[in-house]
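# Coordinates in review
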Amino acid sequence: MSVEKVLQTIKENNIEWVDFRFVDLGGRAHHISLPASAVEEETFVNGVAFDGSSIKGFRGIEESDMVMMPDPSTIYIDPFTAHPTLNIMCDIFTPDGERYERDPRGIAVKAEEFLQTCGVGTAAFFAPESEFFIFDDVRYESGMNSASFFVDSEEAAWNTNRKDEGGNMAFKVGVKGGYVPVAPVDSQQDIRSEMCRLLAEAGLEIERHHHEVATAGQAEINFRFDTLKKTADNLLTYKYIVQNTARQYGKVATFMPKPLFGDNGSGMHVHQSIFNGSEPLFYEKGAYANLSEMALHYIGGILYHAPALIALTNPSTNSFKRLVPGYEAPVNLVYSKGNRSAAVRIPVAAVTPKGCRIEFRTPDSTANPYLAFSAMLMAGLDGIKKKINPEEMGYGPLDKNIYELSDADKEKIRSVPGSLNEALDALEADYEFLTEGNVFTKDFIDNYIALKRAEAQEVAIRVHPHEYSLYFDV
């Protein structure tokens, strides 16, 4: 969309405010609103100033001035504001007009440019399956003398005997019993449908929605694939609309990977492929799962660099509460055309040549999508460049039930890192594939690792409530 059409949209829809947004290193969106009357063509040339020193991981106070440069192709009308508001995503620049190297969206731009300079293909397409929970009540605290969390859902398995519903409606979702039941067990059809309606109005093409496996309101909405940066933009819109729709219904939505103990967590399975113009490059009829040699090398790069990748695709301490065996967690660094505990799965049901793709199942939605998608692409391209054969590297294919293998066979399978610190160690040891073409800089990686280590340390030094159960009577 041109700047002229943006200004026309403002006029035709009686927009009062234009909301300029950018994303920080952790993937959280931030915004500054300007009166629509103050937004002119020059706004798209000069940008909107903001204080970079107030954003965690950006700049020091001595060099705090930064500029948001709006992208006209990203506008949509905010469905939640009382005053008509137009949202627009921005790139970050320094005051002298240079692209800011720590801007996650800028890294996505460079990753797409690097793909084209490699001569591999013209575009990489991504489609995340971002799961989430819808709760009725969420409370938590972490202080000097107390630490606790409490979540509740009227459909949760633990509420079969709850008496404060004005008569218990029964039909609760059992533990690991929530995969696609009909109403009245699935009580959240309407709220998911409303989320989908608003997402479609914002420009996302919705493919389906359903209840997910876990009790207490786990859900999934799928939207159509797009190019790397556009899909990351769409995921930010997706999370914004999901969380605010839940709030309008008097509920709360979270993309936290493991909010409940003892049931499935929420992942972000990422489907990906490369095209050359309109030609799909991952398809070869008759090969294993109809995958081309290029696709296999791409998988090889993903699995080879997976321990380092996971520092960017699963960047929270909570991520590793999900990455444990037994809850369909993709902890095994192998590929398979059917096994959902494999880190890379190849969908084979109802797949056309253009739909042929690989699915990296390990990520979760605490990831910054611009960084995660860019890192996955860089790992895959490294696999293509170096012709990393996943079978020769011992990464499969493995189509057996991994949990039923002998202990000796299980020991042959590489697993994901067991903690955020282990993943950060792996990133420190293996980052050169990310700095190809200056897509990620060494400064960015060092800064990112330092921020994430500080988070891990903050969690590690706090007293955990379960430690009272284990040690108080010693």
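Everything below is about the structure shown above.
Figured I'd write up the structure that's included with this text. Being a predicted model, the structure only gives us computed values, none of them experimental.

## Observations concerning the layout of surface pockets
- A volume near 840 Å³ is recorded for the second largest pocket.
- Around the second largest pocket, the lining is made up of 41 residues, and of these Glu 129, Arg 208, Glu 220, His 271 and Glu 359 lie nearest the centre.
- Elements supplying a minimum of two residues to the lining of the second largest pocket: strand S7 (123–135), strand S10 (206–211), strand S11 (218–223) and strand S14 (268–276).
- Here the element with the most residues in the lining of the second largest pocket is S7; it accounts for 6 residues.
- Here the residues of the lining of the second largest pocket sort into 14 nonpolar, 12 polar and 15 charged.

## With respect to the nonpolar core
- In this structure, Phe 132, Tyr 238, Ile 274, Phe 373 and Leu 377 are the most contacted members of the largest nonpolar core, which totals 116 residues.
- When residues in this core are grouped by element, the largest group, 11 residues, is from helix H9 (residues 369–386).
- Judged by nonpolar contacts, the second largest core, of 7 residues, contains Phe 133, Ala 214, Ala 216 and Leu 260.

## Considering the packing of aromatic side chains
- Tallied over the entire structure, the rule returns 17 aromatic pairs.
- Taken together, a centroid distance of 5.4 Å and an interplanar angle of 50° make the contact between Phe 132 and Phe 255 tilted. Here Phe 132 is found in strand S7, whereas its partner Phe 255 is found in the loop between strand S13 (252–254) and S14, with 123 residues between them in sequence.
- The exposure class of Phe 132 is buried, given its relative accessible area of 0%.
- Classification of Phe 255 by relative accessible area gives buried; the value is 5%.

## Some points on the side chain of Thr 94
- Counting through the fold element by element, Thr 94 comes out in the loop between strand S6 (85–93) and helix H3 (104–118).
- For Thr 94, a relative accessible area of 12% translates into the label buried.
- Contact partners of Thr 94, with chain neighbours within four places excluded, come to Arg 59, Val 67 and Tyr 100.

## Digging into H9
- Taking 1.5 Å of rise per residue, 18 residues should cover 26 Å, and H9 covers 25 Å from first to last C-alpha, within 8% of that figure.
- Along H9, 16 of the 18 residues are buried, which leaves the element largely enclosed by surrounding structure.
- Of the residues flanking the start of H9, the one acting as N-cap is Asn 368, its side-chain oxygen 3.0 Å from the backbone nitrogen of Tyr 370.
- Lys 387 sits one or two positions beyond H9 and adopts a positive phi of about 50°.

## Thoughts on the pairing of strand S2 (residues 29–35)
- Inspection of the sheet shows strand S1 (residues 17–23) paired to S2 by 7 bridges, in the antiparallel sense. Considered in S2, the bridge of Phe 20 is made with Ile 32.
- Between S1 and S2, which pair antiparallel in sequence order, lie 5 residues; one of them, Gly 27, sits at a positive phi of approximately 95°.

## With respect to the packing of H3 against H9
- Across the interface, H3 lies against H9 with an axial gap of 8 Å and an inter-helix angle of 25°. Considering the angle they form, H3 stands roughly parallel to H9. Of the two elements, H3 crosses H9, and the hand of that crossing is left-handed. Contacts between H3 and H9 involve Pro 104, Arg 105, Ile 107, Ala 108, Ala 111, Phe 114 and Leu 115 on the former and, on the latter, Tyr 370, Leu 371, Ser 374, Leu 377, Met 378 and Leu 381.
- For the contact of H3 with H9, the per-class residue count stands at 11 nonpolar, 1 polar and 1 charged.

## Considerations on unusual backbone geometry
- Going from Ala 183 to Pro 184, the amide bond is cis rather than trans, its omega being 10°.
- With respect to the helices and strands, Pro 184 occurs in the loop between strand S9 (147–152) and helix H4 (189–201).
- Residue Gly 396 is joined to Pro 397 through a cis peptide bond whose omega torsion reads 10°.
- Note on placement: Pro 397 falls in the loop between H9 and helix H10 (407–410).
- Of note, the phi angle at Ala 170 is positive, near 55°, even though the residue is not glycine.
- Mapped onto the elements of the fold, Ala 170 is located in the loop between S9 and H4.
- A positive phi angle, close to 50°, is found at Lys 387, a residue other than glycine.
- Within the secondary structure, Lys 387 sits in the loop between H9 and H10.
- The class of Lys 387 is exposed, set by a relative accessible area of 58%.

Cut-offs and rules
- Residue positions are given per chain, counted from 1 along the sequence in the order it is written.
- Residue-level local features of this predicted model are given only where pLDDT is at least 70; pairs of side-chain atoms are given and counted only at 80 or more, and the full residue set underlies all totals for whole chains, interfaces and linings.
- Each side-chain value is derived from all of the structure's non-hydrogen atoms; neither hydrogens nor water enter the calculation.
- Using a grid of 1 Å spacing that covers the protein atoms alone, one calls a set of points a cavity when a 1.4 Å probe fits there but cannot get out, and a pocket when the set is open and has protein on both sides within 12 Å along at least five of seven lines; lining residues are those with an atom within 4 Å of a point.
- Grid points are joined across faces, edges and corners, and a volume is the space filled by probe spheres set on the points.
- Numbering of helices and strands runs from the N terminus; a helix is a DSSP stretch of H or I covering at least four residues, while a strand is a stretch of E covering at least two.
- We call Asp, Glu, Lys and Arg charged. Ala, Val, Leu, Ile, Met, Phe, Trp, Tyr, Cys and Pro are nonpolar, and the rest, Gly among them, are polar.
- Put simply, buried Ala, Val, Leu, Ile, Met, Phe, Trp, Tyr and Cys residues joined by side-chain atoms within 4.5 Å make one nonpolar core.
- The buried label applies to any residue whose accessible area, calculated with a 1.4 Å probe on protein chains only, is under 20% of its type's maximum; exposed applies above 50%, and partly exposed to all values in between.
- Any Phe, Tyr or Trp ring, taking Trp's six-membered ring, that has another such ring centre within 6.5 Å forms a pair; planes under 30 degrees apart are called stacked, those over 60 apart edge-to-face, and the others tilted.
- Whether two residues touch is decided by their heavy atoms; if any such pair falls within 4.5 Å, the residues are in contact.
- For a helix, the expected span equals 1.5 Å multiplied by the residue count minus one.
- In protein, a polar contact means a hydrogen-donor-capable atom and an acceptor-capable atom, both N or O and within 3.5 Å, with residues adjacent in sequence counting only if both atoms are side-chain atoms; elsewhere, any N or O pair within 3.5 Å suffices.
- Between any two strands, at least two bridges found by DSSP are needed for them to pair.
- Every axis in this analysis is a line fitted to C-alpha atoms, fitted for helices over the stretch in contact. Angles between the N-to-C directions lie between 0 and 180 degrees.
- Note that the term roughly parallel is reserved for angles under 35 degrees, roughly antiparallel for angles over 145, roughly perpendicular for angles of 65 to 115, and oblique for everything else.
- Throughout, a crossing is termed right-handed when the near helix is turned clockwise from the far one, and left-handed when it is turned anticlockwise from it by less than a right angle.

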